[in-house]
Amino acid sequence: YLGIEFQLEVPDHGPQDPQSFHVRTTYDHSKRAAGISVRILEWNKALQDIGVGAKLTFRNSSKGPGFTFSLSSREMEGGKFSRREFRHCLEYFVEMSIKLHNIIFVND
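The structure contained in this document is the topic of the report that follows. All of these numbers come straight from a predicted model, not from anything done at the bench.

The rules we used
Residues numbered from 1 in each chain as written. Predicted model: local features only at pLDDT ≥ 70, side-chain atom pairs only at ≥ 80, totals over all residues. Heavy atoms only, no water. Core = buried A, V, L, I, M, F, W, Y, C linked by side-chain atoms within 4.5 Å. Buried < 20%, exposed > 50% of the residue type's maximum accessible area, 1.4 Å probe, protein only. Helix = DSSP H or I, 4+ residues; strand = E, 2+ residues; numbered from the N terminus. Contact = heavy atoms within 4.5 Å.

What tends to happen in soluble globular proteins is that the nonpolar side chains get buried as a cluster. Counting 21 residues, the largest nonpolar core has Trp 43, Leu 56, Phe 58, Phe 69, Leu 71 and Leu 100 as the members making the most contacts within it. Listing elements by their share of this core, those giving two or more residues are β2 (22–27), α1 (36–49), β3 (54–60), β4 (67–73) and α2 (83–104). Per-element tally for this core: the top contributor is α2, with seven residues. Filtering out sequence-adjacent residues up to four positions away, Trp 43 remains in contact with Leu 56, Phe 69, Tyr 92, Met 96, Lys 99 and Leu 100.

In structure tokens form, the structure reads like this:
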């Protein structure tokens, strides 16, 4: 959708190790759009309010011009990993990525 590509990382942990995941997308844009930091704060608060143990970040890309938008989960003990929480995190991230795309690329 809108040419947005997502990268999902789920580290390979042993059965007794904490589990986590990380999902990100990049935006090839040279200037930061106004108000993004405020939106990220609002979205992180919304994640906390619904009880999802994850955090959003929006930073300069380390691989050239542009920005990286990412969501990192908290570490969960193996027996406490929730597929429902994982699904909600991914759905929320895709929705926020589309909103962020629309803020950055207002002419699309």
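Moving on, we get to the environment of Ser 97. Looking at the secondary structure, you find Ser 97 in helix α2. Separated by 93 residues in the primary sequence, Ser 97 and Ile 4 place their C-alpha atoms 8.1 Å from one another. In this structure, Ser 97 is in contact with Ile 4, Phe 6, Thr 25, Tyr 27 and Phe 69, ignoring residues within four places of it in sequence.

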